Amino acid sequence: MNKIINFIKNIDVYIGPIILLAILIDVFLQVVSRVLPGNSISWTVEVGEMLLGALIWFGLSVGVATNGHVAFDLLVKKFPPKTRKIFGIIANGFFIAHVVLLGSFTWTLLEYYTKLGSKSTILGISMFWVRMPILLGCIFTLIRLLVKEYRIIRGQEVAFPDDQI
């Protein structure tokens with residue numbers, strides 16, 4: 001049961017390498033098809049763009065989980081722990097608000113794509129599915145940020161840890 005729970009908690013961590021492998025295969029196909037005269041595979045560019053977008057949005061959530069995001073914390077790390085905690089709560093609050101706003105804009109965009117039946121240029125895939133990773137990334141990131149905020153408030157996690165790279 002713990003394995004299942006851990007898998008669900010880290011699904012974005014598992015999705016990332018799969019997307020990266022798909023990008024690698026896609027780029028390989030692009031290169032090979034361009035080396036052979038007259039055999040360029042046109043859809044590989046579109047697939048690569050879609051996969052790269054998905055990788056970025058799932059990576060956002062992983063960055064929150066690993067404290068891997070760029071932060072202006074050089075000065076904050078000099079503060080006492082209580083002050084750091086306050087800055088951490090405020091910073092996470094702004095990040096949460098930003099992700100909620102992005103998610104709501106994406107929801108509106110997905111509704112628009114559905115209403116108009118927009119499709120990608122070459123493959124004809126519904127733009128709803130092309131842009132869905134943005135919403136999923138926002139949801140995964142929001143969940144991780146809420147957990148992080150809760151843990152900082154409860155004192156179970158340190159805001160702006162010293163060992164953060």
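Before reading further, recall that the structure is shown in the block above.
Summarised in this report is the structure supplied together with it. Predicted, not measured: the structure shown is a model, and the values here were computed from it. (Residues numbered from 1 in each chain as written. Predicted model: local features only at pLDDT ≥ 70, side-chain atom pairs only at ≥ 80, totals over all residues. Heavy atoms only, no water.)

A separate point is the overall build of the chain. Across its full length, the chain holds five helices and zero strands. Ordered by position from N to C terminus, the α and β elements of the chain give α-α-α-α-α. C-alpha extents for the chain along the principal axes are approximately 65 × 40 × 40 Å. Burial analysis of the chain (165 residues in total) assigns 29% to the buried set. (Helix = DSSP H or I, 4+ residues; strand = E, 2+ residues; numbered from the N terminus. Buried < 20%, exposed > 50% of the residue type's maximum accessible area, 1.4 Å probe, protein only.)

Take the packing of aromatic side chains next. For the coordinates displayed, the defined rule picks out four aromatic pairs. Ring geometry for Phe58 versus Phe140: centroids 5.8 Å apart, planes at 40°, classification tilted. Of this pair, Phe58 sits in helix α3 (residues 43-65) while Phe140 is found in helix α5 (residues 127-153), placing the two residues 82 residues apart along the sequence. On the basis of relative accessibility, which here comes to 6%, the residue Phe58 falls in the buried class. Judged by relative accessible area, which is 21%, Phe140 ranks as partly exposed. On the basis of an interplanar angle of 50° and a centroid distance of 6.4 Å, the ring pair of Tyr112 and Tyr113 is categorised as tilted. (Phe/Tyr/Trp six-rings, centres within 6.5 Å; stacked < 30°, edge-to-face > 60°.)

Looking now at the side chain of Asn92. Mapped onto the secondary structure, Asn92 falls in helix α4 (residues 81-116). Setting aside its immediate chain neighbours within four residues, Asn92 contacts Leu145, Lys148, Glu149 and Ile152. (Contact = heavy atoms within 4.5 Å.)

Turning our attention to the environment of Ser61. Along the chain, Ser61 falls in helix α3. Expressed as a C-alpha distance, the spacing of Ser61 and Gly124, which sit 63 residues apart in the sequence, is 29 Å. Look past the residues within four positions of Ser61 in its chain and what remains in contact with it is Asp12, Gly137, Phe140, Thr141 and Arg144. For Ser61, the side chain forms a polar contact with the side chain of Asp12, separated by 2.3 Å. (Polar contact = N/O pair within 3.5 Å; in protein donor to acceptor, adjacent residues only side chain to side chain.)

Further remarks concern α3. With 23 residues, α3 should reach 33 Å at 1.5 Å per residue; the first-to-last C-alpha distance of 34 Å fits that figure. Those residues of α3 lying buried are Thr44, Glu46, Val47, Gly48, Met50, Ala54, Phe58, Leu60, Ser61, Gly63 and Val64. Next to the buried residues of α3 lie α2 (11-35), α4 and α5. One or two steps after α3, the chain reaches Asn67, where phi turns positive at roughly 55°. (Expected span 1.5 Å × (residues − 1).)

Let us look at α5. In this model, α5 (27 residues) spans 39 Å end to end at C-alpha, consistent with the 39 Å of a helix rising 1.5 Å per residue. Along α5, the sharpest change in direction is near 25° and occurs at Pro133. Downstream of α5 by a residue or two, Gly155 has a phi angle that is positive, lying close to 80°. (Bend = angle between axes of the 7 residues up to and from the residue.)

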